[in-house]
Amino acid sequence: MIDTHCHLDASRFDPDRDSVVTRAWAAGLHGILIPAVGPQTWEPLLELPRRDARIQVGLGIHPQFLPDLRPEDDGAHLERLDALLAQGGAVAVGECGLDGPTLPGASLERQLAVLRGHLALARKHGLPVLMHCHRLHPAMMELLKAEAWPEAGILMHSYSGGAELARFYIQKGCHFSFAGPVTWAEARKPLDALRVIPADRLVAETDSPDQAPTPFRGQRSEPGYLPHILAGMAQVLGEPVEVLAQRTTENARRLFREAFPSPSR
């Protein structure tokens, strides 16, 4: 199993980060992908894969963190991101995307401009994009219709839209990742979407420390909870969880260009 989206660098893991990682490996994980949320985390994150190849990273600016950055510095941050990606060590661009409908200090115009910069870097460096989209899918769809497509693909992280919306992203070649909400009793739209997504476009994540699955809902999530999410996905799809775990692992390794070590047989 590979957790394709886990904010293991978040402060909520400071008290017991090593134990969290130990529990993840004990739960059967073979990989964890940590997406950056802002420029201050880029260099520290790049150190992690050098210590353990089972931990890989993406570099980007999360739209929710744009208000913490001066708009006049957006270009400089993207230039620095370009330089770091050129050095290697990151397997994806992101987390980046759109968040709305209103985000004080980060207008939609600014969010779109920064996202276009991320997409350009993904095309330049041949990397997939870890895409966040919350309540701005119409704007995202218009952007993706107009933009040249990153050949390495886009992963719609923690997908929560319905089946019809998923069909658009499927046509654009997107991959999809699902998190804890697929196990929640009131989940409807993501389950409908899960049923229409091609088998080779599907991966799994925890989005730790957020969106913990049942039975841990309301608590801090962690990568070791990924088996619960895969079990929820497998139940919807009507297939053995072991089969889905193997397929999503293979899909993740392929999407991220075999950066994660092969699971030992």
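Residues numbered from 1 in each chain as written. Predicted model: local features only at pLDDT ≥ 70, side-chain atom pairs only at ≥ 80, totals over all residues. Heavy atoms only, no water.

A few points about the pattern of salt bridges
For the coordinates displayed, the defined rule picks out 21 salt bridges. With a closest N to O distance of 2.8 Å, aspartate 74 and arginine 110 form a salt bridge. With aspartate 74 in helix α3 (residues 74-87) and arginine 110 in helix α4 (residues 108-125), this pair connects stretches of sequence that are 36 residues apart. The class for arginine 110 is buried, based on a relative accessible area of 9%. For glutamate 239, the salt bridge is made with arginine 247, and the minimal N-O distance between the two is 2.7 Å. Three or more residues joined by partner-sharing salt bridges are found here, namely Asp16, Arg23, Arg220 and Glu222. (Salt bridge = Lys/Arg side-chain N within 4 Å of Asp/Glu carboxyl O. Helix = DSSP H or I, 4+ residues; strand = E, 2+ residues; numbered from the N terminus. Buried < 20%, exposed > 50% of the residue type's maximum accessible area, 1.4 Å probe, protein only.)

Some points on the environment of threonine 183
Within the element layout of this structure, threonine 183 appears in the loop between β7 (175-178) and α7 (189-196). Here threonine 183 falls in the buried class, since its relative accessible area comes to 19%. Excluding anything up to four places from it in sequence, threonine 183 contacts Pro213, Thr214, His228, Ile229 and Gly232. A polar atom in the side chain of threonine 183 sits 2.9 Å from the backbone nitrogen of threonine 214. (Contact = heavy atoms within 4.5 Å. Polar contact = N/O pair within 3.5 Å; in protein donor to acceptor, adjacent residues only side chain to side chain.)

Here we look at the packing of aromatic side chains
The description of an aromatic ring pair rests on the distance of the ring centres and on the angle between the ring planes. Going through the model one piece at a time under the given rule, you end up with 6 aromatic pairs. Here tyrosine 159 and tyrosine 169 contribute two aromatic rings whose centre-to-centre distance is 6.4 Å and whose plane-to-plane angle is 85°, an arrangement assigned as edge-to-face. Here tyrosine 159 is found in the loop between β6 (154-156) and α6 (163-171), whereas its partner tyrosine 169 is found in helix α6, with 10 residues between them in sequence. On the basis of an interplanar angle of 85° and a centroid distance of 5.1 Å, the ring pair of tyrosine 159 and phenylalanine 176 is categorised as edge-to-face. Of the two residues, tyrosine 159 sits in the loop between β6 and α6 while phenylalanine 176 sits in strand β7, which places them 17 residues apart along the sequence. Phenylalanine 176 carries the same exposure label as tyrosine 159, and that label is buried. Of the aromatic side chains, those joined through ring pairs into one cluster are Tyr159, Phe168, Tyr169, Phe176 and Phe178. (Phe/Tyr/Trp six-rings, centres within 6.5 Å; stacked < 30°, edge-to-face > 60°.)

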